[in-house]
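# Inside the fold
The residues making up each chain are set out below.
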Amino acid sequence: MPLALFDLDNTLLAGDSDYLWSLFLVEQGIVDSKIHERENQRFYDQYLEGCLDIDEFLQFQLKPLGDHPRIDLERWRAQFIKTKISPIMLPSAVKLIENHRKNGDTLLIITATNRFITGPIANLLGIDHLLATEPEIIDGEYTGAATGTPCFQEGKVAQLNDWLYRHNESLSGSWFYSDSHNDIPLLEIVENPVAVDPDSKLKAFAQQKNWQIISLRE
């Protein structure tokens, strides 16, 4: 069955779950507001420009996971999903997913955002396969570090190739939907690349390549 791959943030969601999680932690008084808001914005701006140091970002983004017991983190996450994620779910994105499901395609979310945040979102969308940046867990608790290859830029390609090998799958007939120029390495290797409400860099690249461009926000 062909693969239907989906980026998550600003593609299937009308916002960035990574960025919103940091804002949520600030609102709840869980992290230092002044430092966290400044650093969160700095890293987000770097991501938009395509110059994000993913290792430095993960040290920042995953630190709260290592600072608090898992039971508290999961309680906060449930509130985060309800208050921050549910409101930015896109009906057109759900319809797109369901169209691929009806066609018998294998659905897979592939995202740079870590699995702690994105696992419940994939469940909400009814997508069983998720490739994401993996937070380290030791003795049942998060350490605040990442493990494995970050699922970002060429790292997405590496993670996907490993998944394809393990599941005896191929990219024959594959689709990939993304909003970001950071995903160009993966968009270039699928058979059906689709730019979704793309940033300016991806839009220009997609037009040059004659890729399909769609909106899920209309």
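Definitions and cut-offs
- Every chain begins its residue count from 1, and numbering advances along the sequence as written.
- Predicted model: local features are reported for residues with pLDDT of at least 70 only, side-chain atom pairs are reported and counted for 80 or more only, and whole-chain, interface and lining totals are derived from all residues.
- Note that water and hydrogens are dropped before the side-chain values are worked out from all heavy atoms of the structure.
- Counting from the N terminus, the helices are the DSSP runs of H or I reaching at least four residues and the strands are the DSSP runs of E reaching at least two.
- We compute the radius of gyration over the C-alpha atoms and compare it with the globule rule, which gives 2.2 Å times the number of residues raised to the power 0.38.
- To sort residues, take the accessible area from a 1.4 Å probe on protein chains only and compare it with the maximum for the residue type: under 20% means buried, over 50% means exposed, and anything in between is partly exposed.
- Residues count as neighbours in contact if any of their non-hydrogen atoms are within 4.5 Å of one another.
- The working definition used for a salt bridge is a side-chain nitrogen of Lys or Arg within 4 Å of a carboxyl oxygen of Asp or Glu.

### Concerning the overall build of the protein
Assigned secondary structure in the protein consists of nine helices and seven strands. A compact globule built from 218 residues should have a C-alpha radius of gyration of about 17 Å, and the protein, at 17 Å, falls within 12% of that. On the principal axes, the C-alpha backbone points of the protein span a range of 45 × 35 × 30 Å. Within the span of the protein, comprising 218 residues, buried residues form 51% of the whole.

### A few points about the side chain of Thr111
Take Thr111: it is sitting in strand 2 (residues 106-114). Classification of Thr111 as buried rests on a relative accessible area of 1%. When neighbours within four sequence positions are excluded, Thr111 is seen to be in contact with Asp7, Leu8, Asp9, Thr118, Leu130, Leu131, Ala132, Thr133, Cys151 and Lys156.

### Considering the environment of Lys209
As for its position among the elements, Lys209 is in helix 9 (residues 200-209). The exposure class of Lys209 is partly exposed, given its relative accessible area of 41%. Distance in space between the C-alpha atoms of Lys209 and Pro193 is 9.8 Å, their sequence separation being 16 residues.

### Brief notes about the pattern of salt bridges
If you walk through the whole model with that rule in mind, you get 12 salt bridges. Across the salt bridge formed by Arg42 and Glu56, the nearest N and O atoms sit 3.2 Å from each other. Taken as a pair, Arg42 in helix 2 (residues 33-49) and Glu56 in helix 3 (residues 54-67) lie far apart in primary sequence, 14 residues in all. Glu56 gets classed as partly exposed once you look at its relative accessible area, which sits at 33%. Look at the salt bridges and you will find they share partners, linking Arg38, Glu39, Arg42 and Glu56 into a network.

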